[in-house]
Amino acid sequence: MSIFGPIVTAMVTPFDKEGKVNYKQAVELMDYLIQNKTTTILLTGTTGESPTLSHDEEYELYRLAVKYFKGKAHLMAGTGSNCTKTAIESTQMAEDIGMDSTLQVVPYYNKPCQDGIFNHFRAISDASPLPIMIYNIPGRTGINMTAETVKRCTEIKNIVALKEAAGSVEQMKEFRSVCPIDFHIYSGDDGLTLAFLKEGATGVVSVASHVAGQQIHDMITAFHANDIEKASNLDEILQPLFDVLFITSNPIPVKAALKLIGFNCGTTRPPLMAVTEEQKQKIETVLDAFFEKV
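Bear in mind the structure is a predicted one, so any value in this text is a computation, not a measurement.

Chemist: Help me understand the pattern of salt bridges, please; the structure alone is not making it clear to me.
Modeler: Two side chains bearing opposite charge may form a pair once their charged atoms approach each other closely. Applying the stated criterion across every chain, the model contains nine salt bridges. Glutamate 49 is the partner of lysine 255 in a salt bridge, and the nearest nitrogen-oxygen pair spans 2.8 Å. A residue pair is termed long-range when its members are at least 10 positions apart, and lysine 255 in helix H11 (residues 252-260) and glutamate 49 in the loop between strand E2 (40-43) and helix H2 (55-69) qualify at 206 residues. In terms of burial, lysine 255 and glutamate 49 fall into one category: buried. Of the charged contacts in the structure, one is a salt bridge between glutamate 278 and lysine 282, with a shortest N-O distance of 3.9 Å. Here glutamate 278 pairs with lysine 282, and both are found in helix H12 (residues 277-293), just four residues apart, close to one helical turn. A residue is classified by how much of its surface remains accessible, and glutamate 278, at 53% relative accessible area, is exposed.

Chemist: How should I be thinking about the environment of glutamate 170 in this particular structure?
Modeler: In this structure, glutamate 170 sits in helix H7 (residues 169-178). With 112 residues separating them in the primary sequence, glutamate 170 and glutamate 58 have C-alpha atoms 35 Å apart.

Chemist: When you look at the nonpolar core in this model, what are you seeing that I'm missing?
Modeler: For soluble globular proteins, the rule of thumb is that nonpolar side chains tend to be buried together. If you look at the biggest cluster of nonpolar residues, it comprises 56 residues, and the most contacted ones within it are Leu43, Met99 and Leu241. Once you skip the residues sitting within four places of it in the chain, methionine 99 turns out to touch Leu43, Tyr62, Ala65, Val66, Lys70, Leu75, Met76, Ala77, Ala94 and Leu130. The next biggest cluster of nonpolar side chains, apart from the first, holds 24 residues, and it includes Ile134, Ile156, Phe196 and Ala201.

Conventions and cut-offs
- Residues numbered from 1 in each chain as written.
- Predicted model: local features only at pLDDT ≥ 70, side-chain atom pairs only at ≥ 80, totals over all residues.
- Heavy atoms only, no water.
- Salt bridge = Lys/Arg side-chain N within 4 Å of Asp/Glu carboxyl O.
- Helix = DSSP H or I, 4+ residues; strand = E, 2+ residues; numbered from the N terminus.
- Buried < 20%, exposed > 50% of the residue type's maximum accessible area, 1.4 Å probe, protein only.
- Core = buried A, V, L, I, M, F, W, Y, C linked by side-chain atoms within 4.5 Å.
- Contact = heavy atoms within 4.5 Å.

Below, the structure written as structure tokens:
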């Protein structure tokens, strides 16, 4: 079984009315997620608005996670960067604070070659013993990691999993075919979770688990119990929610959804903006229909 469990929630970062990190709300949200079947809390990923967080803000979130939830859930730090030196320094700080693992994204914007991607991950792994989940998301990074590069990464002891978010089941199948069975692959897209499970994935790095953690957990559990009918039915119920949470840039919709269910995590930091009234109404309509069905 993966050390991360089936549901890694890429947690939003709550902000107050002045745009400062709302640490009290962050702790309350972590507790809520754990109560609703999150097995790993991922802090300061893209959903956590890492591009607009300072390192000091990130490290304080890690400290609070370790203080209140160490041992209650697996704690993952999004310490990736397109600068290898920065990723190493952030990873070492996360280790010192007591986080359990890190997420390392393919370097974005500067578009390294495949050897450059591999060397980046290897340098981070050499600098810290923390388990690493590598992260392929070409839509945001501008470069797609190949199956050969992923396979090379599996040979590094503390690189133990992949978050695959290229949006391709065929590519996931290729990755699965070349990787050892004990190397875990996670869907990076909520909507492809069941399709990925059918091809050998372990679980999902989820945004929708902020509002549907129990149902996503039930779907994954049903699949692994070979109750494909139940898993498929739950997937059908969840798909409209998965879709509406990406009607504009993540995490704008999920923060709106959280507010609608009673968790006011504030808005997003610029350059992201709040949902429009039309988008809010769409989210509310889908949420209402979802909760009526479950």
